Structures are given as structure tokens and as C-alpha cells.
Amino acid sequence: MNSCIDYIRQQNRRKTVGIDDLEGSTEEFLLMSKQPSPSHLIEMEELGDIIDKAVNQLPPKQQQAFRLRYEKKLQIKEVAVLINRSEGTVKTHLYHAHRRLRELLRPYLENRPLDWDDEI
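Residues numbered from 1 in each chain as written. Predicted model: local features only at pLDDT ≥ 70, side-chain atom pairs only at ≥ 80, totals over all residues. Heavy atoms only, no water.

Caption draft 1: How the structure looks around the packing of helix H3 (residues 38-56) against helix H4 (residues 60-71). At a minimum axis separation of 9 Å, H3 and H4 run at an interaxial angle of 145 degrees. Together, Asp52, Val55 and Asn56 of H3 and Gln63, Phe66, Arg67 and Glu71 of H4 make up the contact between the two elements. Looking at side-chain class alone, the contact of H3 with H4 contains two nonpolar, two polar and three charged residues. (Axes fitted to C-alpha atoms, helices over the stretch in contact; angles between N-to-C directions. Helix = DSSP H or I, 4+ residues; strand = E, 2+ residues; numbered from the N terminus. Contact = heavy atoms within 4.5 Å. Nonpolar A, V, L, I, M, F, W, Y, C, P; charged D, E, K, R; others polar.)

Right, dumping it as C-alpha cells:
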């Protein structure tokens, strides 16, 4: 997931515009720059959908730990209590979930088709 976000950030950093190329006043530019562009919003929505589909590909225990940790924003201790497992087990589930997600999302970062995307 973080790799995908880093990739999008990296692509956005490469887009440069000279100050002379900007139309309108500096105040208008500052107001516009604080709001994400429509294309950025669409990219982030697409990325969220792809990550959600990838998370659905995880084994149930990994998926549960991942969703509680990152969607519900719970601490590892809280996740461990909720699923009645030790903190070490939760960390192991998260470690394997991250590895699997990295593997599943690599084609997306390389602009290749996702062979598992049709399965959902």
C-alpha cells in the first residue's frame, strides 16, 4: 500500500510548472494549490479500490488483522484483544499481509495488468 502511495507521490513531484506560466494572481494560485486536482482524486479513488481488492485476496486472519489495524486505526494491542491472539501473532499476520500485498500490487506499480483483478 505504501509503495503505491510513494509511486503516486513520485509521479506528482515530477510535474513542474514555471511561475511565469501561471495565469491569475498569486492568491488564486495558492487557493488552487491547496485543493487536490480532479485527476489526483480519481487516481486516489482508483488506488483505494485496487488496494481494497488486494486486501480481499488475503487469507482471512491476515485480512482481519490488516483491516482492524489500518481501516479502524487500532493499535496492535487492541487488535490482539479483539481477535483473541497475542501481539506477536498479530504482528506476524501483518507482516505476511504486507508481503502478500506488495506482491499483489507490484504489477500495478509497473503499469502491468492485474491478473487477480477479475476474480472479485
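Once the structure has been displayed, the description carries forward.
Caption draft 2: Structural detail: H4. Relative to the 16 Å expected for twelve residues at 1.5 Å per residue, H4 spans 15 Å between its end C-alpha atoms, a close match to the ideal helical length. For H4, the set of buried residues is Gln62, Gln63, Ala65, Phe66, Arg67 and Leu68. Close packing links the buried residues of H4 with H3, helix H5 (76-83) and helix H6 (87-109). Downstream of H4 by a residue or two, Lys73 has a phi angle that is positive, lying close to 60 degrees. (Expected span 1.5 Å × (residues − 1). Buried < 20%, exposed > 50% of the residue type's maximum accessible area, 1.4 Å probe, protein only.)

Caption draft 3: Geometry of the nonpolar core. Formed by 24 residues in total, the largest nonpolar core has its most connected members in Phe66, Val79, Leu105 and Trp116. Among the secondary structure elements, those contributing two or more residues to this core are helix H1 (2-13), H3, H4, H5 and H6. Here this core gets seven residues from one element, more than from any other, and that element is H6. Sequence-distant contacts of Phe66, defined by excluding residues within four places in its chain, comprise Met1, Val55, Leu58, Glu71, Leu94, Ala97, His98 and Leu101. (Core = buried A, V, L, I, M, F, W, Y, C linked by side-chain atoms within 4.5 Å.)

Caption draft 4: Region of interest: unusual backbone geometry. Phi at Lys73 takes a positive value of approximately 60 degrees, unusual for a residue other than glycine. Here Lys73 lies in the loop between H4 and H5. The exposure class assigned to Lys73 is exposed, which follows from its relative accessible area of 65%.

Caption draft 5: Just the pattern of salt bridges, in detail. On inspection of all chains with the given rule, the structure shows four salt bridges. A salt bridge links Arg67 to Asp52; its shortest N-O distance comes to 3.1 Å. Residue Arg67 is located in helix H4, and its partner Asp52 is located in helix H3; the two are separated by 15 residues in the primary sequence. Residue Asp52 is classed as partly exposed on the basis of its relative accessible area of 33%. The shortest N-O distance in the salt bridge between Arg67 and Glu71 comes to 2.4 Å. (Salt bridge = Lys/Arg side-chain N within 4 Å of Asp/Glu carboxyl O.)

Caption draft 6: Region of interest: the side chain of Gln63. Counting through the fold element by element, Gln63 comes out in helix H4. A distance of 3.4 Å separates the side chain of Gln63 from the backbone oxygen of Val55, its partner in a polar contact. Ignoring any residue separated from it by four or fewer positions in sequence, one finds Gln63 in contact with Val55, Asn56 and Leu58. (Polar contact = N/O pair within 3.5 Å; in protein donor to acceptor, adjacent residues only side chain to side chain.)

Caption draft 7: View of the packing of H4 against H6. Interaxial distance between H4 and H6 falls to 9 Å at its minimum, and their mutual angle equals 95 degrees. Judged on the interaxial angle alone, H6 and H4 are roughly perpendicular. Across the interface between the two elements, Lys61, Gln62, Ala65, Phe66, Arg69 and Tyr70 from H4 touch His93, Leu94, His96, Ala97, His98 and Leu101 from H6. (Parallel < 35°, antiparallel > 145°, perpendicular 65-115°, else oblique.)

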